[in-house]
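# A closer look at the structure
Below are the chains, spelled out letter by letter.
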Amino acid sequence: MLTTHTAAELAAKLHSKEVSAREVTQAFLDRIEAHDGEYGAFLTVDADRALAQADAAQELLDAGTATSMTGIPVAVKDNISTNGMRTTCASKILENYVPPFDATVVEQMNAVGAVTIGKTNLDEFAMGTTNENSAFKPVRNPWDTDRVPGGSSGGSAVAVSAELAAVSLGSDTGGSIRFPASLCGLVGFKPTYGRVSRYGLIAFGSSLDQIGPFGRSVEDVAMTSEMISGYDAMDSTSLVDAKISTKGLKDGSLKGLKVGLPTQLFTDTIDSGVREVLELAIDNLKREGVEFKEVDLPSINYGVTTYYLIAPAEASSNLARFDGVRFGPRLESDGHIESFMKTRGELFGPEVKLRIMVGTYALSAGYYDAYYHRAQQVRGLMASEFEKAYQEFDVLVSPASPSVAFPLGGIKDQMALKLLDFCTIPANMGGFPSISIPCGLSEDLPVGMLLTGPVMSDERLLQISYAFEQAFGRDYRRPPIL
Ligand code: GLN
């Protein structure tokens, strides 16, 4: 079946003319049609649009001007703007919002003829860890459909894991690519902050948000990263030399690689099953010549608290624009202010409202210094602690998630849910590139290894991940029910 192939394998078939772009897109559309009822990964699929894009891709292939991503079906998280195609953020407040422009990443996809196979489900405005905060429907994990896929990019993760798309785009503010990648047995990559344009990504925490890819292999993720990265004048935080190159991806060696293991991320807050899988994977790499050493990074213990001040503070400001006047539906009431209140009160979900309130409080006069300013100082401290560690280590390695996928509705305590972001948050704080790769199974469910490197080391990080992937093998990546 075409849909079982990685993007790199599909690219080879497209370039050799063994298959047409239309056949590839049709195969994924058929699978979505047949199976997405069960998973809930997609919010919008426009088959005609996708097939038209596939035909345009075929012209590039026939003309010999194709890239490795030409004709590859990509699922796009529904907080990334698509011109003329509904972009909801899985929120009632944007239920029928149709952007009049493409996000830069979507423009880049269009430029090379990658196909937008559909828009994927998420936690409302990317706020959540399980995808249960979607205003429309939950997403189910193909490894066990009674379990969560992780969030907030749960739809993008499941689209790839259930083979409904070859690769996908998600966004990561505190772990929303790497966490679901870990729970679904995928590779999920958050590039260095500033290497992928945020223009057209509906903002959550602007200083933390980054778009990145999901794939079934490191190579697929590297190919997709190359396509979506690059300097963009439309994003004031865009970096020069932002393009991520795939050159040298396969040339890395494990011998002599220096890896730091943050002690704070190997404590008993991590489930013992997850720790065991990580330890086995680490032993395997040791035999291949990788050198591991523990490193103490005490500020990690303040990561969750700091993040849950900074992210809501930025969200409270970013989400002020959704007032029923400029975007989405408007609920009429007696006066202008009353209308605002009704629209925002009824159309934002509970988690989003909670964060707007926390963020507004943290930014209010008299509290700003005590909360927001303090949190920014801790953030600076974290970044410098990590940068110091990078003088000694090529990468830092830890679990990506403290547990494997758990049942839907299984964690009711909101604080417990937020603590799940423990391992992934530091990379967002420092803008570091960070990737989760599958490293084994615990109780028949995938476990992800998180690798985090210094700012701008994206190519090196992908190269190391590729070498790790070769050592681990890829046998356990396919959900057994497929
Ligand atoms: N789980 C985190 C949160 O709820 C991270 C979300 C994200 O990265 N978008 O905020």
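First, a word on scope: everything that follows refers to the structure included in this document.

Criteria and cut-off values
Residues numbered from 1 in each chain as written. Predicted model: local features only at pLDDT ≥ 70, side-chain atom pairs only at ≥ 80, totals over all residues. Heavy atoms only, no water. Helix = DSSP H or I, 4+ residues; strand = E, 2+ residues; numbered from the N terminus. Buried < 20%, exposed > 50% of the residue type's maximum accessible area, 1.4 Å probe, protein only. Contact = heavy atoms within 4.5 Å. Near = heavy atom within 4 Å. Polar contact = N/O pair within 3.5 Å; in protein donor to acceptor, adjacent residues only side chain to side chain. Areas by Shrake-Rupley, 256 points an atom, 1.4 Å probe, with all protein chains shown as cover. Nonpolar A, V, L, I, M, F, W, Y, C, P; charged D, E, K, R; others polar. Pairing = 2+ DSSP bridges. Axes fitted to C-alpha atoms, helices over the stretch in contact; angles between N-to-C directions. Parallel < 35°, antiparallel > 145°, perpendicular 65-115°, else oblique.

### Thoughts on the environment of Tyr 466
- With respect to the helices and strands, the residue Tyr 466 is situated in helix α15 (residues 458–472).
- Here Tyr 466 falls in the buried class, since its relative accessible area comes to 15%.
- Taking the C-alpha atoms as reference points, Tyr 466 and Arg 147, separated by 319 residues in sequence, lie 28 Å from one another.
- Excluding anything up to four places from it in sequence, Tyr 466 contacts Val 218, Leu 249 and Lys 250.

### Observations concerning the site of the ligand
- The local shell around the ligand holds 15 residues, among which Thr 173, Gly 174, Ser 176, Tyr 307 and Arg 355 are the closest.
- Between an oxygen atom of the ligand and a side-chain N or O atom of Ser 176, the distance comes to 2.7 Å.
- With respect to the ligand, the side chain of Tyr 308 contributes an N or O atom lying 3.2 Å from an oxygen atom.
- Against a free-state accessible area of 290 Å², the protein chains account for coverage of 99% of the ligand.
- Split by residue class, the shell around the ligand holds 5 nonpolar, 7 polar and 3 charged.

### Some details on the sheet that holds strand β7 (residues 258–262)
- Spatial ordering of the open sheet is given by β1-β3-β2-β4-β6-β5-β10-β11-β9-β7-β8, a layout of 11 strands whose pairing is mixed. Because the sheet does not close on itself, it has two edges, and the strands there are β1 (42–44) and β8 (291–295). Strand-to-strand twist in this sheet, taken as the mean axis angle between neighbours without regard to direction, amounts to 35°.
- In the sheet, strand β2 (residues 73–77) pairs with strand β4 (residues 167–172) via 3 bridges, with the strands oriented parallel. Residue pairing across strands places Val 76 opposite Leu 169, the latter belonging to β4.

### Looking at the side chain of Thr 452
- Mapped onto the elements, Thr 452 comes out in strand β11 (residues 445–452).
- The exposure class of Thr 452 is buried, given its relative accessible area of 6%.

### Some remarks on the packing of helix α8 (residues 272–287) against α15
- At their nearest, the axes of α8 and α15 sit 10 Å apart, and the two run at 100° to each other. By the angle between their directions, the pair α8 and α15 is classed as roughly perpendicular. Touching Ala 281, Asn 284 and Leu 285 of α8 are Phe 468, Ala 471 and Phe 472, all from α15.
- Of the residues assigned to the contact of α8 with α15, the class counts are 5 nonpolar, 1 polar and no charged.

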